[in-house]
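# A look at the structure
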Amino acid sequence: MENTLTEEQIDKLQELGLRLQKTCEENANKRHEVDERMLEDLRQFHGEYDSKLKSELEASGGSQLFRNETRPKCRVASAQLSKMLLPTDDRNFGVEPTPVPDAEGRELSKEQANKIKEASKEAAEKMQRQIDDDFTESGYHEKCRKIIKDAVKTGTGIIKGPVIVNRTRQAWVKSEDGEHVLQSVVEPRPGIEYVSPWNFYPDMSACALEDAEFIFEKLPWTKRKLREFAKLEGVNQEAVKELLNGGAQSTHSSIKDYTNELREITGVSSIMRKSLYDIWLYTGPVTRDELIVCGCEFEEDDDQEEYDALIWFANGKVLKAVINPLDTGEYDYSVFCWEEDDSCIFGFGVPYQLRHPQKGTNAAWRMLFDNAGLSAGPQIVIDESAVEPVNGVWKLEPRKIWRKKQNLSEGHNTPFEVHNIDCNQPMLAALLDLTGQAGDEEANIPLIAQGEQDSATTKTMGGMQLLANAALTVFQEPVKHFDDGVIRTMVKRFYDYQMQYGSDSSIKGDYQIKARGSSVLLLREVQAQALMQFLSLAQNDPEIRKRTDFSKLVPEIKKAMQMTAAGIVIDEDQVKANEKESGQQQDPNIMAAQIQLQLKKKEMEFKQQLELRKLDQDRELRMYAIAAANDMKLNELEQKLGIEEQKIQAQRDIAALSGTLKQNEINLKAETGSGI
């Protein structure tokens, strides 16, 4: 931005900055209810009462315990979503060519159309790898995990991209004298940024992000960050200098900052924000004349009156302005809501869904402990006119001595009365279980989804699989929200960026973006079970086995089971080499001899078992015959036949020993080729 501006241009620039500042403050005030709701969500997540209720509990002298049912469900929800949406061995998106190839108006033969499809498919795979590389370098998974946690806890998570960042790439290069030197190359690359929901101020009159006229983002910068920003091209150096001289507090506006409230919730002492500058980034429509004043240039034949632009400003002073770098005009923000609100861009989180069950649980929990404390011991009533303690201390103690007063007659009431408070623990425990069940139902996160099971959960394997699969349906809606709000929009903008600015023409083409969260990743657990069942069928059924390509089935099982260990599944070349080596080592005649020996081994085992059964049957028949002939009871006969039983046992031992010797001979013959 040029520093030599006319007075008229300076007035227009100042007018633009003041207008943006006013619009920002008015829009931020409309977000007050959302801010208060998110604060309550975080208090509930961290197990803290609000200041009003905390004061009332302290004044009453009752229990102040907080039974946190919200945090475990939030952690389960964020962990399950991260596991489904951010796999370590797969992408959560796909880039595919459009079904109809681009023939540029020409009529194509079937062969030509197939060639174009193959070329488009190869180019789409290159584009997919390029976007995946951009995501990896930008820390895509790390930032997505943050917005998932934000969405679960406060209802809304925000991510931003593509943002142009300068990345330094280092490489060892051989110099002219033959020595290797380290060279650093700085190149602009598209990146991704995480945006805190506390710094995101979209158009509050819009019901969805695509309907927002503008977006404001607060950038809490240090003095060092502001100085680095001043080094960029097109920055209003005079305005930056005024901010640095005025200090960070000169940029603080009437928009409420919730930093101290957030630190109070987590038990961290409050701070004074003296060192942070509140810089604002505006994304929205700006007139052509205003952009010209900001230093933007246009082509002579461009007669458009309004453009989507990005403007950095603070305290009513414009710092920098650029036209939206994407020709598509899309804003570079993506929003993910755990539960969407049809009337607002911000959504609802798990704490909001558990608000009333959590209050009921806390009330029952406090009553339970209050009642436990009261009913732990009796209430003692002492008649001071009848007795007095010898030591002068009115306190019950073991072996304490009391002095009877003179006016205590025989008909006088007892000086001590004991009153027990009823213990209502069973009723309160049932109430606690009821509120816990209500929380499971309202948050729609059952115990089985948390890795636990109650007394009513089935114990059979099939029943457990059905319940586990049903528990995944809970996450279908938020996974679909992530697909539509983050994956599809983010990948589409990176695709547009590569098409517009990418230097590799071989990756460009007419493609469509596929978000794979709800279609593939969500059903991965079910798919893993189905693949294992199919593998079992293919192993046992000859017809299915001869129609199954195990070279493709085994890698799919490994992927579905999320096995990341390398070397577990070998490739086809290694399989053929192993089969060839195994075939060379094993002679067919030897294999046939081994089969015959195994059959003989089975035959010997069967004969041995049959002989033992015959001995047992003969013993039983002889015992019954002797008992019937001598009119004896069976237990008396067993005592008399103790010697006979020892003989039979000896015969069984001899038979077992004989079978063992024969088996040893067979094994020895298999190993050496000759017997004993």
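The structure under discussion appears in the preceding block.
No experiment lies behind these values; they were computed from the predicted model shown.

Conventions adopted
- Residues numbered from 1 in each chain as written.
- Predicted model: local features only at pLDDT ≥ 70, side-chain atom pairs only at ≥ 80, totals over all residues.
- Heavy atoms only, no water.
- Helix = DSSP H or I, 4+ residues; strand = E, 2+ residues; numbered from the N terminus.
- Buried < 20%, exposed > 50% of the residue type's maximum accessible area, 1.4 Å probe, protein only.
- Areas by Shrake-Rupley, 256 points an atom, 1.4 Å probe, with all protein chains shown as cover.
- Pairing = 2+ DSSP bridges.
- Axes fitted to C-alpha atoms, helices over the stretch in contact; angles between N-to-C directions.
- Contact = heavy atoms within 4.5 Å.
- Phe/Tyr/Trp six-rings, centres within 6.5 Å; stacked < 30°, edge-to-face > 60°.
- Parallel < 35°, antiparallel > 145°, perpendicular 65-115°, else oblique.
- Left-handed = near helix turned anticlockwise from the far one by under 90°.
- Nonpolar A, V, L, I, M, F, W, Y, C, P; charged D, E, K, R; others polar.
- Polar contact = N/O pair within 3.5 Å; in protein donor to acceptor, adjacent residues only side chain to side chain.
- Core = buried A, V, L, I, M, F, W, Y, C linked by side-chain atoms within 4.5 Å.
- Patch = residues over 30% accessible without salt bridge, like charges linked within 9 Å, V, L, I, M, F, W, Y side chains within 5 Å.
- Salt bridge = Lys/Arg side-chain N within 4 Å of Asp/Glu carboxyl O.
- Lys, Arg positive; Asp, Glu negative; His and termini not counted.
- Charge placed at Lys NZ, Arg CZ, Asp CG, Glu CD.

## Quick word on the overall build of the protein chain
Counting its secondary structure elements, the protein chain contains 23 helices and 16 strands. By residue count, 35% of the 676 residues in the protein chain fall in the buried class. With the model as given, the accessible surface of the protein chain reaches about 40900 Å², and the carbon-plus-sulfur share is 50%.

## Re the sheet that holds strand β5 (residues 215–221)
What the five strands build is an open sheet, ordered β4-β5-β6-β7-β8; its pairing is antiparallel. The outermost strands of the open sheet, each flanked by one partner alone, are β4 (200–202) and β8 (317–323). The mean inter-strand angle of the sheet, taken between neighbouring strand axes irrespective of direction, is 25°. Summarising the sheet, β5 and strand β6 (residues 277–287) pair through seven bridges and their orientation is antiparallel. Note on β6: the bridge partner recorded for P220 is D278. Along the sheet face, helix α1 (residues 7–29) touches β4, β5, β6, β7 (306–314) and β8 and points at about 85° away from the line of β7. Helix α7 (residues 223–230) contacts β5, β6, β7 and β8 of the sheet and is inclined by roughly 115° relative to β5.

## Things to note about the packing of aromatic side chains
Summed over the entire model, instances satisfying the criterion amount to 23 aromatic pairs. Residues W198 and Y258 carry aromatic rings whose centres are separated by 5.6 Å and whose planes lie at 40° to one another, so their mutual orientation is tilted. Placement of W198 in the loop between β3 (180–195) and β4 and of Y258 in the loop between α8 (237–246) and α9 (259–265) is noted, with a sequence separation of 60 residues between them. Ring centres 6.4 Å apart and planes at 75° place the aromatic pair W338 and F475 in the edge-to-face group. Within this pair, whereas W338 is found in the loop between β9 (333–337) and β10 (339–341), its partner F475 is found in the loop between α14 (461–472) and α15 (476–501), the two being separated by 137 residues in sequence. With respect to burial, W338 and F475 carry one shared label: buried.

## Looking at the packing of helix α4 (residues 70–85) against α15
One can describe the packing of α4 onto α15 by two numbers: an axis separation of 11 Å at closest approach and a directional angle of 50°. In terms of orientation, α4 lies oblique with respect to α15. Relative to α15, α4 is oriented so that their crossing is right-handed. Between α4, through L81, M84 and L85, and α15, the contact on the second element is made entirely by P478, V479, F482 and D483. Broken down by class, the residue content of the contact of α4 with α15 amounts to six nonpolar, no polar and one charged.

## Quick look at the side chain of N371
Within the secondary structure, N371 is located in helix α12 (residues 355–375). At 3.1 Å, the side chain of N371 forms a polar contact with the side chain of Q425. Each residue touching N371, except ones within four places of it in the same chain, is listed here: D422, C423, N424, Q425 and L428.

## Quick look at the nonpolar core
Core analysis: the largest hydrophobic core is formed by 43 residues, its most contacted members being V95, I131, F135 and F482. Secondary structure elements with two or more residues in this core: α4, β1 (93–97), α5 (110–138), α6 (140–154), α15 and β16 (511–515). Sort the elements by how many residues they give to this core and α15 lands first, with eight residues. Apart from the residues lying within four places of it in its own chain, the contact partners of F135 are F93, Y140, I192, M490, V491 and F494. In terms of nonpolar packing, the next biggest core, distinct from the first, is built from 39 residues, I158, W198, V235 and A239 among them.

## Topic: a positive patch on the surface
On the surface, R71, R75, R145 and K149 cluster together to form a positively charged patch. Going through the elements one at a time, α4 and α6 are the ones with two or more residues in the positive patch. For R145, a relative accessible area of 38% translates into the label partly exposed.

## Points about the pattern of salt bridges
For the structure shown, the criterion picks out 22 salt bridges. Where K317 meets E242, a salt bridge forms, and the shortest distance between an N and an O atom there is 3.8 Å. Of this pair, K317 sits in strand β8 while E242 sits in helix α8, and the two are 75 residues apart along the sequence. Notably, a salt bridge pairs K492 with E330, separated by 4.0 Å at the nearest N-O pair. Of the two residues, K492 sits in helix α15 while E330 sits in the loop between β8 and β9, which places them 162 residues apart along the sequence. Given a relative accessible area of 28%, E330 falls into the partly exposed group. Ionic contacts of the salt-bridge type, sharing partners, join the residues D133, D134, E137 and R189 into one network.

## Considerations on the side chain of T435
Within the fold, T435 resides in helix α13 (residues 425–443). At 3.1 Å, the side chain of T435 forms a polar contact with the side chain of T361. Not counting chain neighbours up to four residues away, the residues in contact with T435 comprise P357, G360 and T361.

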